[in-house]
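# Structural characterization, general
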Amino acid sequence: MKKFDICVLGLGYIGLPTASIFATKGKNVLGVDVVQSVVDTINDGRIHIEEPDLDILVKAAVQSGNLTAATKPAEADVFIIAVPTPFEERGDGSRVPDLKYVESATRSLAAVVKKRDLVILESTSPVGTTEKMRDWLIEELIAQGISEANEKDYYFVHCPERILPGQMLKELVTNDRISGGLTPEASQKAKELYECFCTAEIFLTDARSAELSKLTENSFRDVNIAFANELSMICDHLGMDVWEVIKLANRHPRVNILTPGPGVGGHCIAVDPWFIVDAAPEQAKLIRTARVVNESKPEHVIAQVESKAKRFKEPVIACLGLAFKANVDDLRESPALEITKRITRIEGAKVLVAEPHISELPKGLRDQCEMMDAGEAVKAADIVVLLVDHKAFASLSRPVLAEKMVIDTRGFWK
Ligand code: SAJ
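Residues numbered from 1 in each chain as written. Predicted model: local features only at pLDDT ≥ 70, side-chain atom pairs only at ≥ 80, totals over all residues. Heavy atoms only, no water.

### Side note on the overall build of the chain
Each helix and strand in the chain was counted, giving 14 helices and 15 strands. Its C-alpha radius of gyration of 23 Å places the chain within 12% of the 22 Å reference for a compact globule of 414 residues. For the chain, the C-alpha atoms occupy an extent of roughly 75 × 50 × 45 Å along the three principal directions. A separation of at least 24 residues holds for 71% of the contacts in the chain among residues at least 6 apart in sequence. Here the chain has roughly 19,100 Å² of accessible surface; of this, 51% comes from carbon and sulfur atoms. Distance from the positive charge centre (50 side chains) to the negative charge centre (61 side chains) of the chain: 3 Å. (Helix = DSSP H or I, 4+ residues; strand = E, 2+ residues; numbered from the N terminus. Rg over C-alpha atoms; globule rule 2.2 N^0.38 Å. Contact = heavy atoms within 4.5 Å. Areas by Shrake-Rupley, 256 points an atom, 1.4 Å probe, with all protein chains shown as cover. Lys, Arg positive; Asp, Glu negative; His and termini not counted. Charge placed at Lys NZ, Arg CZ, Asp CG, Glu CD.)

Structure, rendered in structure tokens:
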């Protein structure tokens, strides 16, 4: 079996750029994904997700011979786990973290890990997950007959990813990082590894502090977006222009209100605060309320569209954008998608969808609406609902828009 420098488990939005950048820095990297088509695409030097310049990086990494992909891990000195950490929705409305992907990735290492290897968790995870990762691995090694398996023989670290979709390749290099090990030696080893491409500071801490600081960053942003979204609903209630209010308030030297939108999406900010709420439900009042406010925003937009649609017998409604935010193709937890699905249920409505970042409509919309170019959709519509501020929508004809009923959830045309 070939031995690699690094084995990255999970070749999604985090794992693929990380594996590729290590490969272009001369490390011999094996990328692992359970989906065969993803593995084939990468081995072909192509990508299965959209991110600026990622295609160039992956192609260079594969062509150099330093990046190969497979469905199973192999021997390496370092293992990086970058798999999803979703939540599970309980009947009572509470959400609990679902660590099944981290657990199965960790257990899969038992067949290949050797003493002194470094095992890094990059996936955003609830407090205590790095300790669980250690326990799962030792348990699995013992189950496979290595009865002397001991946690002291391996280095376990949490190094949360912090990169922003749309600017991943830049932020991968220039963002400060946190290296939180179960031991100081583990933190130090991971720091030395990331220094091969990270030009910013790498801070050493313990694993639990690393886990909570990552969750805190995204919860901080969620709370701030909730403030903007709540303000937009207050302004709608008062018949006022939220963009004007925010513009003026932001002229105060210590005020910086974020931008309201149709809700908060993506696999990070809409998910991570729940991990804190789950861990400390009595204490996390503000964080929970921010989630509730942001989750209520799509409903508010739907009500606005329904109210305008009532004025037509058979309204034609153009929904602009399905992605969770501007200039990406990611539909995970997207409020735009949720709103569009609900709009298709408005009686008598014909729904036209423009989403320049995807080539076909997702399931659940395919039979309910028509996908078309944004300009054509706007021309044909009675009501235009701007859901995502994609650059591609900036050139839409203002005179044509002026003739339509417009719901601009992002203040894009202000
Ligand atoms: N949004 C607003 N108004 C704003 C800013 C964002 O409505 O003023 C919405 C976006 O439209 C989107 C959602 O919030 O639906 C999240 O977008 P985002 O750009 O704020 O963040 P993400 O989810 O793309 O990436 C975040 C980043 N975290 C922080 O900025 C604290 C990123 O650095 C993390 O690496 C990433 O989560 C992650 O993977 O955890």
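Additional details are given in the paragraphs that follow.
### Side note on the site of the ligand
Taken together, the neighbourhood of the ligand is formed by 20 residues, with E161, K214, R221, T259 and R410 sitting nearest. E161 places a side-chain nitrogen or oxygen 2.5 Å from an oxygen atom of the ligand. A distance of 2.9 Å separates an oxygen atom of the ligand from a polar atom in the backbone of G265. Relative to its unbound accessible surface of 770 Å², the ligand loses 88% to contact with the protein. Considered class by class, the residues forming the shell around the ligand number nine nonpolar, four polar and seven charged. Among the domains, domain 1 (4–210) and domain 2 (241–408) are the pair contributing at least three residues each to the shell around the ligand. (Near = heavy atom within 4 Å. Polar contact = N/O pair within 3.5 Å; in protein donor to acceptor, adjacent residues only side chain to side chain. Nonpolar A, V, L, I, M, F, W, Y, C, P; charged D, E, K, R; others polar. Domains from an automatic or database assignment.)

### Comments concerning the environment of R398
Summarising the element assignment, R398 is placed in helix α14 (residues 398–402). Overall, the relative accessible area of 45% leaves R398 in the partly exposed class. The spacing of R398 and W413 is 15 residues in sequence and 8.8 Å in space, taken between C-alpha atoms. (Buried < 20%, exposed > 50% of the residue type's maximum accessible area, 1.4 Å probe, protein only.)

### Quick word on a nonpolar patch on the surface
Together, I234, L238 and M240 give the surface a local cluster of nonpolar side chains, amounting to about 280 Å² of exposed area. In this structure, L238 sits in helix α8 (residues 207–238). (Patch = residues over 30% accessible without salt bridge, like charges linked within 9 Å, V, L, I, M, F, W, Y side chains within 5 Å. Salt bridge = Lys/Arg side-chain N within 4 Å of Asp/Glu carboxyl O.)

### Looking at the domain arrangement of the chain
When the parts come together, some accessible area is lost, and that loss is often what is quoted as the size of the interface. With domains assigned, the chain is organised as domain 1 (4–210) and domain 2 (241–408). The C-alpha centroid of domain 2 is placed 32 Å from the C-alpha centroid of domain 1. Across the boundary between the two partners, domain 1 contributes 16 residues, which contact 16 residues of domain 2. Across the domain 1/domain 2 interface, buried area totals approximately 1,400 Å², and carbon plus sulfur atoms make up 58% of it. Counting the contacts that link domain 1 with domain 2 gives one salt bridge. With a closest N to O distance of 2.6 Å, E295 and R95 form a salt bridge. Viewed at the interface, domain 2 and domain 1 are joined by five residue pairs in polar contact (both at pLDDT 80 or more). (Buried area = accessible area lost by both parts, 1.4 Å probe.)

### Here's the deal with the sheet that holds strand β1 (residues 4–9)
Strand order in the open sheet formed by eight strands is β3-β2-β1-β4-β7-β8-β9-β10, with mixed pairing between adjacent strands. In the strand order of this sheet, the two ends are held by β3 (67–70) and β10 (202–206), each with one partner. Averaged over all adjacent pairs, the angle separating strand axes in this sheet is 25 degrees, with direction ignored. Relative to strand β7 (residues 118–121), strand β4 (residues 76–81) runs parallel, the two sharing four bridges. (Pairing = 2+ DSSP bridges. Axes fitted to C-alpha atoms, helices over the stretch in contact; angles between N-to-C directions.)

### What about the packing of α8 against helix α9 (residues 242–249)?
Running from N to C, α8 and α9 point in directions that differ by 125 degrees, and their axes come no closer than 9 Å. As far as their axial angle goes, α9 and α8 are oblique. In terms of crossing hand, the pair formed by α8 and α9 is right-handed. Contacts from L231, S232 and C235 in α8 reach V242, V245 and I246 in α9. In the contact of α8 with α9, the residues fall into five nonpolar, one polar and no charged. (Parallel < 35°, antiparallel > 145°, perpendicular 65-115°, else oblique. Left-handed = near helix turned anticlockwise from the far one by under 90°.)

### Description of the state of the cysteines
The full count for this structure, using the stated rule, is zero disulfides. Here C159 is not cross-linked by a disulfide; its sulfur's nearest cysteine counterpart is in C198, at 10 Å. Take C196: it sits in no disulfide, and the sulfur closest to it among the cysteines is that of C198, at 9.7 Å. (Disulfide = S-S within 2.5 Å.)

### Section: the pairing of β4
The buried count for β4 comes to five of six residues, which makes it a mostly enclosed element. Where β1 and β4 come together, five bridges link them in parallel fashion. By the bridge assignment, V8 is partnered in β4 with I80.

### Focus on the pattern of salt bridges
Considering all chains together, one arrives at 27 salt bridges under this definition. In this structure, the salt-bridge partner of R95 is E89, at a minimum N-O distance of 3.1 Å. As a salt-bridge pair, K247 and E244 come within 3.4 Å of each other at their nearest N and O atoms. In this pair, K247 and E244 both sit in helix α9, three residues apart, roughly one turn of the helix. Taking relative accessible area as the criterion, E244 reaches 36% and is therefore assigned partly exposed. Put simply, E89, R95, D222, R291 and E295 are held in one network by salt bridges that share partners.

### With respect to the sheet that holds strand β13 (residues 370–371)
Within the open sheet, the five strands sit side by side as β13-β12-β11-β14-β15. Their pairing is parallel. Only two strands of the sheet have a single partner each, and these edge strands are β13 and β15 (405–408). Taken together, the five bridges between strand β11 (residues 316–320) and strand β12 (residues 350–354) define a ladder with parallel strand orientation. Note on β12: the bridge partner recorded for C319 is V353. Running at roughly 175 degrees to β15, helix α11 (residues 285–309) makes contact with β11, β14 (383–386) and β15 of the sheet.

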